[in-house]
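Chain by chain, the residues:
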Amino acid sequence: MKLNLDDLHLFVLTVQHGGISAAAKQHSLQRSKVSRRLQELEKALGCQLLIRTTRQIELTENGRLLYQQVNQQLTEVVQAAKLLSNQQKSLQGVLRVAVPAALITSNMFAQLLESYLEQFPDVLLEVLHCQESIDLKRENVDIQILPNGVEVQNEDYVQQTLLRFPSSLVASDEYLQSHPHINQLSDLAKHTLMVSRYNQASLPDNLTLRLCSDDLRLIQHMATTAKGVALLPAILVKDALKSGELSQVLVNEPLPEIKLTLIYPSKQFLPEKTRALITLLRDSFSESKIN
């Protein structure tokens, strides 16, 4: 016996509305379709469920028994389906985002989160500190942002490049005045060099690294306090360069970029709260916003 749940649902609706025509009208269906599906249900069950008259319907004994057994369960299933549908469309609930430490400490990311929370006050935002790729579905995480060089666990996940961030070599004036001049990349061999693990591999092998950290703010602090030369994303040190806290060296030297990748499980069945943050990330981490 092969039953169709949609046919069972139509049967319950017909009983609840007191007739085939009323049920069809209430749910914007064709009367002939509802009648045909009820006949298919009776055929599948091998018994008559309804006695059809010109103005109304009556339940047979088998029809009454079936209605008593399935009415509450089917109603609960429909309510659950509506609840899930509304949850997907609503801008509320928990949204979990995994980002590396370098991004957590950036003013730009903080401002983005502030904007999101102001626009969607009913969303609880959970920001997780993750340096490596995670299985988003297993960890129940909605979005992850990763820099280049980190392998994504699941290649089936959606991956979108947000932006390539150019890098700058910076140091404080106090440090530069008390150490040998830097005129070319090889001169860095005479200096204390501080980098993140995302850009260290792009530098010449003969350079000696004194500090390597995922915390870009730590590297910037060390550079500001005259501890050495730092390789950092240009956007991160923009204000420090403007204020004179740091100075740029080797301005014309091509330096590595840090690429941010946005990762989420699927474009299908994307909750609106997730879609809203993805849109905000794309809008915020754009060339026009960075420059």
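For the structure itself, look to the data block above.
Residues numbered from 1 in each chain as written. Predicted model: local features only at pLDDT ≥ 70, side-chain atom pairs only at ≥ 80, totals over all residues. Heavy atoms only, no water.

This brings us to the overall build of the chain. Along its length, the chain carries 12 helices and 11 strands. Taking all 291 residues of the chain together, the buried fraction comes to 43%. Once local pairs closer than 6 in sequence are excluded, the contacts in the chain between residues at least 24 apart make up 68%. Of the roughly 16700 Å² of accessible surface on the chain, a fraction of 47% belongs to carbon and sulfur atoms. (Helix = DSSP H or I, 4+ residues; strand = E, 2+ residues; numbered from the N terminus. Buried < 20%, exposed > 50% of the residue type's maximum accessible area, 1.4 Å probe, protein only. Contact = heavy atoms within 4.5 Å. Areas by Shrake-Rupley, 256 points an atom, 1.4 Å probe, with all protein chains shown as cover.)

Attention now moves to helix 11 (residues 272-284). The first and last C-alpha atoms of helix 11 sit 18 Å apart over 13 residues, in line with the 18 Å expected at 1.5 Å per residue. Buried within helix 11 we find Lys-273, Thr-274, Ala-276, Leu-277, Ile-278, Leu-280, Leu-281 and Ser-284. (Expected span 1.5 Å × (residues − 1).)

Next up on the list: the side chain of Ser-168. One can find Ser-168 in strand 6 (residues 158-171). Not counting the four nearest positions on each side in its chain, Ser-168 is found in contact with Ala-230, Leu-231, Leu-232, Ala-234, Val-237, Gln-248 and Leu-255.

What follows deals with the pattern of salt bridges. In total, this model carries 5 salt bridges according to the counting rule given. Glu-61 is the salt-bridge partner of Arg-64, the closest N and O atoms lying 3.2 Å from each other. In this pair, Arg-64 and Glu-61 are both assigned in helix 4 (residues 61-89), 3 residues apart and thus about one turn of the helix distant. With a shortest N-O distance of 3.4 Å, Glu-272 and Arg-275 are connected by a salt bridge. Within this pair, Glu-272 and its partner Arg-275 are both found in helix 11, separated by 3 residues, close to a single helical turn. When its relative accessible area of 36% is taken as the criterion, Arg-275 is described as partly exposed. (Salt bridge = Lys/Arg side-chain N within 4 Å of Asp/Glu carboxyl O.)

This next bit is on the nonpolar core. Counting residues in each nonpolar core, the largest one holds 25 residues, and the members touching the most others are Tyr-116, Ile-145, Leu-262 and Leu-277. Sorting the residues of this core by element identifies strand 3 (93-99), helix 6 (107-119), strand 4 (123-129), strand 5 (143-147), strand 6, strand 11 (257-264) and helix 11 as the ones contributing at least two each. A total of 5 residues in this core trace back to one element, the largest contributor, which is helix 11. Grouped together as the second largest cluster of nonpolar side chains are 19 residues, Leu-10, Phe-11, Ala-23 and Leu-66 included. (Core = buried A, V, L, I, M, F, W, Y, C linked by side-chain atoms within 4.5 Å.)

Another aspect to go through is the environment of Val-34. Structurally, Val-34 is set in helix 3 (residues 31-45). Overall, the relative accessible area of 1% leaves Val-34 in the buried class. Taking the C-alpha atoms as reference, Val-34 lies 8.4 Å from Asp-7; in sequence the two are 27 residues apart. For Val-34, the residues in contact, after removing those within four places along its chain, are Leu-10, Thr-14, Ile-20, Ala-24 and Leu-29.

Fair warning: the whole summary comes from geometry, so function is off the table for now.
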